[in-house]
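A structural walkthrough
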Amino acid sequence: MGITAMYAAATGMKAMDTKLNVVANNLANVGTVGFKRSRTNFEDLMYQTLREPGVKDINDEPNPYGILVGLGAAVSGTQLDFRVGSAEQTDKPLDVMIQGEGFFQVTTYYNGEEIRAYTRAGNFFRNANGQLVLGNTDGSVLEPRITLGEDDREIEIDAAGRVSAIQGAGPDRTDIGQIELARFINPEGLKSIGQNLYVETDASGPPITGNPMENGMGSLQNRMLELSNVEPVRELVDLIFTQRGFELNSQSIQGADEMLRVVANLRR
Amino acid sequence: MVYGIYQSAAGMIVNQYRQAVLANNLANLDTVGFKHDLTIVRERKVETAEDALSGRLSDRILDRMTGGSLVAPTVTSFRQGEIQVTGRETDVAIEGNGFFAVSDGAKTRYTRDGRFSINNEGLLVTAGGRPVLDDRGKTISVPETARGRIRIGEDGTVRSGDEAFARIGLVDFADRSRLCKVGANMFEAVGTRAEAVSPRLRTNSLESSTVDPTKAMVAMIEVSRAYEINANLVSMADTTLSRAVNDIGRIQ
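Residues numbered from 1 in each chain as written. Chains lettered and ligands numbered in written order. Predicted model: local features only at pLDDT ≥ 70, side-chain atom pairs only at ≥ 80, totals over all residues. Heavy atoms only, no water.

Structural notes on the packing of aromatic side chains
Residue and element names in this part refer to chain B. Here is the rule: In this scheme Phe, Tyr and Trp rings, the latter by its six-membered ring, pair at centre separations within 6.5 Å, and the angle between planes marks the pair as stacked below 30 degrees, edge-to-face above 60, and tilted otherwise. Working definition: helices are DSSP H or I runs of at least four residues, strands are E runs of at least two. Numbering for both runs from the N terminus. Relative accessibility thresholds used throughout: buried, under 20% of the residue-type maximum; exposed, over 50%; partly exposed, between the two (1.4 Å probe, protein chains only).
Scanning the entire structure with this criterion turns up twelve aromatic pairs over all chains. Centre to centre, the rings of Phe-99 and Phe-187 are 5.7 Å apart; their planes meet at 70 degrees, and the pair counts as edge-to-face. You can see Phe-99 sitting in strand S7 (residues 99-104) and its partner Phe-187 sitting in strand S16 (residues 186-189), a full 88 residues away along the chain. A relative accessible area of 2% places Phe-99 in the buried class. Pairing Tyr-110 with Phe-173 gives two aromatic rings, centres 4.9 Å apart and planes at 80 degrees, and the pair type is edge-to-face. With Tyr-110 in strand S8 (residues 107-111) and Phe-173 in strand S14 (residues 170-173), this pair connects stretches of sequence that are 63 residues apart.

The structure is reproduced here in structure tokens:
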């Protein structure tokens, strides 16, 4: 059973290690536009029954309580936290922030396949073809596609997602396209694939798409960006606690090891 | 002589068990809603008493002593864990007594872990994905229009806007020691009935684990030393036996 203690402590260390990784990633993304922090969820593992409840004791009465020893802890999952990050006024005409629920939809490549991905980052650019693309490494193309002409000037994106510009001499504005958003029954079930992108999973459910300000979607704010929702203070407290938890569990292992040493030296 | 060696060995086994329980407690230092187990040891009766032969002492001297120590049945401490504010709307902590009822397959199990979310079918579920039950024992389905914007009140009502559409059920047990841990932050009730209690919840918060690292570490040091002492006593008994066998009994 000294061995049970060792393995239980090892599961604790492994769980703390995972949490440390998650916290480190959160902190690394403190300046990533549209980043959502993750939380590590723990649960206790199964219990080993040394004696079943109900076994009769010496007075022939069934013992109501058994003897159970837990086998440690495990990470039950990491959970995305979709609280809105703080806003930054950037004054760039192609920066958009979603106020409320919803994700921008983009096309990206994942495992060699072209797929639909979702993002909260609204730092858009124009690519060589004039299309609106996300400012990530791949330049994922915004869907439905919006193509800006060469002489489009003074581009505006309104709260409802209509993209307009002044073409030629002006001064009238022409509608160029419409930004659509997607939302999910369970956004926490989305899978992060890097580059500020999420993809749908069975847990998130299928996307529900629509225009901003309709159907429960948030509204758009032009010339603003949603910053990371990581709070450094909270993460640092988590970091300290996790580090100490890791150390405490290593003490359990040392204790169990000491016991084994005592056993090994019993007979001299 | 041989009697003493078994008592010391029993002492070692009991302390191994205590170490295992402490290790599990420490491993769950950061598990939401975790309740720590106590390491309780009980006195073992002498063999004649355990065999229900009392009254007929087999050894006048030895039978007046105890038979060493045994592991007592697992006792879980159900004291309130600290409430930590997380700011997440569907995080719920229970203040005072009570458990959330969750549906785990065909069984109903109980938990203090209130990290709720909405799954792809629109049900309110725990972090382990098990549906949370309402005050009538039914699963809680969140209406399509309310998804993403639900709020949970201190009395357990689940609202979207001003409209309450469900109430989270909270139960308690007359004999809480009959709750068995089954892992995944859940308890199973063995031979005790759940009674509904009125919820006192703290929203945007979670109840942290009740494990006190200081107490656990001190207990671990104590266990370690008790183990060593018992092991030394086994060695001493061994030495004495060796004297008896090799020195006193030597034929010259």
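Structure's up, so let's keep going.
Observations concerning helix H2 (residues 232-264) of chain A
An α-helical turn contains 3.6 residues, so a residue and the one three or four places further along point in the same direction. For the record, the criterion: To estimate how far a helix should extend, the number of its residues minus one is multiplied by 1.5 Å.
The terminal C-alpha atoms of H2(A), which comprises 33 residues, lie 48 Å apart, in line with the 48 Å expected from a rise of 1.5 Å per residue. Where H2(A) is concerned, the buried positions are Glu235(A), Thr242(A), Gly245(A), Leu248(A), Asn249(A), Ser252(A), Gly255(A), Ala256(A), Met259(A) and Val262(A).

Structural notes on the domain arrangement of chain A
Residue and element names in this part refer to chain A. The condition is simple: Start and end positions for the domains come from either an automated domain assignment or a database one. Residue contacts are defined here by distance: any two heavy atoms, one from each residue, within 4.5 Å place the two residues in contact. Simply put, the buried area is the total loss of 1.4 Å probe accessible area from both parts when two parts are fitted together. A pair is scored as a salt bridge if a Lys or Arg side-chain nitrogen falls within 4 Å of a carboxyl oxygen belonging to Asp or Glu. In protein, a polar contact requires one atom able to donate a hydrogen and another able to accept it; more generally it is a pair of N or O atoms within 3.5 Å, and residues adjacent in sequence count only if both atoms are side-chain atoms.
Domain annotation for chain A reports domain 1 (2-80 + 230-267) and domain 2 (87-226). Here the C-alpha centroids of domain 1 and domain 2 sit 42 Å apart. Contacts between the two partners involve six residues from domain 1, matched on the other side by twelve residues from domain 2. Overall, the association of domain 1 and domain 2 removes approximately 780 Å² of surface from exposure, summing both partners, and the carbon and sulfur fraction of that is 52%. On the domain 1 side of the contact with domain 2, Val-33, Lys-36 and Leu-80 bury the most area, a combined 70% of that side's loss. Where domain 1 packs against domain 2, one counts one salt bridge. When the shortest N-O distance is used, the salt bridge between Lys-36 and Glu-226 registers 2.3 Å. Seen at the junction of domain 1 and domain 2, the total is four residue pairs in polar contact (both at pLDDT 80 or more).

Considering the sheet that holds strand S14 (residues 173-178) of chain A
Within a sheet, neighbouring strands are paired by backbone hydrogen bonds and run either parallel or antiparallel to one another. All names here are of chain A. For the record, the criterion: Pairs of strands are assigned from DSSP output, requiring at least two bridges between the strands. Here the axes come from fitting lines to C-alpha atoms, over the contacting stretch only for helices, and the angles between their N-to-C directions go from 0 to 180 degrees.
Strand order in the open sheet formed by three strands is S12-S13-S14, and the pairing between neighbours is antiparallel. The sheet is open, and its two edges are formed by strand S12 (153-157) and S14, each paired on a single side. Going across the sheet, the axis of each strand differs from the next one's by a mean of 25 degrees, ignoring polarity. Of the strand pairs in this sheet, strand S13 (residues 162-166) and S14 are connected by five bridges, and their pairing is antiparallel.

Side note on the sheet that holds strand S13 (residues 163-167) of chain B
All names here are of chain B. The three strands lie next to each other as S11-S12-S13, forming an open sheet whose pairing is antiparallel. For this open sheet the edge positions go to strand S11 (150-152) and S13, each flanked by a neighbour on one side alone. Strand after strand, the sheet turns through a mean of 30 degrees between neighbouring axes, direction not considered. Across four bridges, strand S12 (residues 157-160) lies against S13 in antiparallel orientation. For Thr-157, the partnering residue across the bridge sits in S13 and is Arg-167.

With respect to the environment of Glu95(B)
Residue and element names in this part refer to chain B. By the secondary structure assignment, Glu-95 is in the loop between strand S6 (92-94) and S7. The class for Glu-95 is partly exposed, based on a relative accessible area of 26%. Separated by twelve residues in sequence, Glu-95 and Ile-83 have C-alpha atoms that sit 8.3 Å apart. In contact with Glu-95, not counting residues within four places along its chain, are Gln-80, Ile-83, Arg-200 and Arg-202. Reaching out from Glu-95, the side chain makes a polar contact with the side chain of Arg-202 at a distance of 3.4 Å.

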